Amino acid sequence: MERIDKVLSHQGFGSRRDVKRILRDGLVLVNGKNVYDPGFLLDVNCDEVCVDGERLEIVHDVYLMMNKCRDVVCANKDGEHQTVFDLVDEKYKHKFSGGELHCVGRLDIDTEGLLILTTDGKLTHRILSPKNHAPKTYAVGLRDEVNEADREKLKALFKKGFFVDHEGRETGFDCAPSQLEWNVTGTPYEKVCPGLKVDCLLTITEGKYHQVKRMFAQVGNEVVYLKRVAMGSLVLDENVASGCCRTLTPDEIKLLGADASGDVDIVL
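Note that the structure is predicted; figures quoted are calculated from it, not measured.

Caption draft 1: Region of interest: the nonpolar core. With 36 residues, the main nonpolar core has Val84, Leu117, Val140, Leu202, Val212 and Phe216 as its most contacted residues. For this core, the elements supplying multiple residues, two or more each, are strand S7 (63–68), strand S11 (112–118), strand S12 (136–142), helix H4 (148–160), strand S16 (200–204), helix H5 (211–218) and strand S17 (223–231). Look past the residues within four positions of Leu117 in its chain and what remains in contact with it is Val62, Tyr63, Leu64, Met66, Val84, Phe85, Val88, Leu101, His102 and Cys103.

Caption draft 2: Region of interest: the side chain of Thr124. Within the secondary structure, Thr124 sits in helix H3 (residues 121–128). With residues up to four places along the chain from it excluded, the contact list for Thr124 reads His102, Cys103, Val104 and Thr118.

Caption draft 3: Representation of the sheet that holds strand S6 (residues 54–56). Spatial ordering of the open sheet is given by S3-S2-S5-S6, a layout of four strands whose pairing is antiparallel. What marks the edges here is a single partner per strand, and that holds for strand S3 (33–34) and S6. Relative to strand S5 (residues 49–51), strand S2 (residues 28–30) runs antiparallel, the two sharing three bridges. In the strand pairing of S5, Leu29 is matched with Cys50.

Caption draft 4: Structural detail: the pairing of S12. Of all seven residues that make up S12, seven are buried, and the element is covered over most of its length. Neither face of S12 is left uncovered, since the one carrying Lys136, Tyr138, Val140 and Leu142 and the one carrying Thr137, Ala139 and Gly141 both have all their residues buried. Of the pairings in the sheet, the one linking S12 to S16 comprises five bridges and is antiparallel in character. Residue pairing across strands places Tyr138 opposite Leu202, the latter belonging to S16. In this sheet, S17 lies alongside S12 in antiparallel orientation, the contact comprising seven bridges. Bridge pairing in S17 links Ala139 to Lys227.

Caption draft 5: Broad picture of the side chain of Lys68. Its place among the elements puts Lys68 in strand S7. Lacking a salt bridge, the buried Lys68 has Asp110 as its closest oppositely charged neighbour, with an N-O distance of 6.8 Å. Reaching out from Lys68, the side chain makes a polar contact with the backbone oxygen of Val72 at a distance of 2.9 Å. Of note is the side chain of Lys68, whose polar atom sits 3.4 Å from the backbone oxygen of Ile109.

Rules and cut-offs
Residues numbered from 1 in each chain as written. Predicted model: local features only at pLDDT ≥ 70, side-chain atom pairs only at ≥ 80, totals over all residues. Heavy atoms only, no water. Core = buried A, V, L, I, M, F, W, Y, C linked by side-chain atoms within 4.5 Å. Buried < 20%, exposed > 50% of the residue type's maximum accessible area, 1.4 Å probe, protein only. Helix = DSSP H or I, 4+ residues; strand = E, 2+ residues; numbered from the N terminus. Contact = heavy atoms within 4.5 Å. Pairing = 2+ DSSP bridges. Lys, Arg positive; Asp, Glu negative; His and termini not counted. Salt bridge = Lys/Arg side-chain N within 4 Å of Asp/Glu carboxyl O. Polar contact = N/O pair within 3.5 Å; in protein donor to acceptor, adjacent residues only side chain to side chain.

Here it is, written out as structure tokens:
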């Protein structure tokens with residue numbers, strides 16, 4: 001049960017003061033009856049709400065899949081660069097009952113690919129929690145070509161895990177075992193990988209600062225192209241153009257939750 005002024009405000013009808021004006025003018029019906037009291041308690045799962053003759057679809061949380069493009073930052077505001085929030089539709093730029101839209105993790109300014117935006121803080125916590133080891137898969141383009149023999153050696157090294165040196169103020173760390181695959185063809189990610197740019201796929205279960213770039217730097221190579229193609233079992237939709245986004249389906253949301261913790265309660 002939620003106050004109707006709070007619900008309407010979170011649905012984009014302005015401030016609480018704006019909502020009171022709408023209520024006072026008799027524009028709000030709940031289950032066919034006028035409601036004037038801003039403190040009226042609404043059952044958001046059952047009650048039918050109409051505002052100025054139009055039935056309101058109450059959204060508790062928003063879940064978006066974005067195909068992030070280069071030169072865009074994962075921040076609310078930036079004085080120099082466009083942010084991912086500049087790319088989403090205006091209808092998502094207000095506060096919802098579940099909270100405000102935020103990024104589930106971050107991608108560097110020069111990294112492309114799958115980015116999840118949501119208002120669901122609980123799901124975000126489960127996905128990002130280190131104890132859940134949620135896998136993330138990246139398509140990687142390398143500066144130097146790697147021969148067949150070295151490919152097998154690197155695959156074994158990455159599977160075992162190794163120490164990565166510090167970068168600037170970021171301390172070094174022992175990276176957890178990861179999965180390195182040199183053949184993109186035939187994988188679920190093939191359709192979202194630009195073939196000429198991609199040399200391999202790397203799946204990690206951590207989120208250290210510049211981790212993928214630092215891992216390859218540690219073995220004497222340089223990442224020149226990086227695109228996240230999957231988070232857990234959720235693969236970037238090939239139909240989502242660079243810089244665009246779409247809402248996740250209920251099945252995709254549940255898939256994300258299951259990957260993160262085995263079970264998650266979703267309110268749509």
